[in-house]
Amino acid sequence: MPLFAVHYVYSEATVPARDTHRPRHRAWLADRLAEGALVTSGPYPDGSGALLLFRAADDAALQDLLTQDPFAQEKLIDDVRAVEWQPVLGVLAD
């Protein structure tokens, strides 16, 4: 199944709402991890966004999945860049 690198971009304006909705967001991520769709995720240390690695059948399936993220539903993500990624070395390489 293809692996996708998803980059979320956040703004300072959404910090209070992200703090409020972070428990729901992380619970949603934990559920995706348990079902095998999420490989790993985490915020950038500077607060500018996050990197999430997902497995999905295709881009359409990924996009459908991302719309279910509470941060997306609350419109707390300023920009999303999702690209299929093929690791060739390391623990994520096939």
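Everything below is about the structure printed above this text.
What counts and how
Residues numbered from 1 in each chain as written. Predicted model: local features only at pLDDT ≥ 70, side-chain atom pairs only at ≥ 80, totals over all residues. Heavy atoms only, no water. Helix = DSSP H or I, 4+ residues; strand = E, 2+ residues; numbered from the N terminus. Rg over C-alpha atoms; globule rule 2.2 N^0.38 Å. Buried < 20%, exposed > 50% of the residue type's maximum accessible area, 1.4 Å probe, protein only. Contact = heavy atoms within 4.5 Å. Areas by Shrake-Rupley, 256 points an atom, 1.4 Å probe, with all protein chains shown as cover. Lys, Arg positive; Asp, Glu negative; His and termini not counted. Charge placed at Lys NZ, Arg CZ, Asp CG, Glu CD.

Looking only at helices and strands, one finds three helices and four strands in the protein chain. Each helix (α) and strand (β) of the protein chain, taken in turn from the N terminus, gives the series β-α-β-β-α-α-β. Taken over the C-alpha trace, the protein chain has a radius of gyration of 13 Å; the compact-globule value for 94 residues is 12 Å, and the two agree within 12%. Based on the C-alpha atoms only, the size of the protein chain along its principal axes is roughly 40 × 25 × 20 Å. Across the 94 residues of the protein chain, 32% fall into the buried class. Residue pairs at least 24 apart in sequence account for 70% of intrachain contacts in the protein chain once pairs closer than 6 positions are excluded. Roughly 5700 Å² of accessible area belongs to the protein chain as shown, and the carbon and sulfur atoms make up 55% of that amount. Of the charged side chains in the protein chain, 8 are positive and 14 negative; the average position of the first set lies 5 Å away from that of the second.

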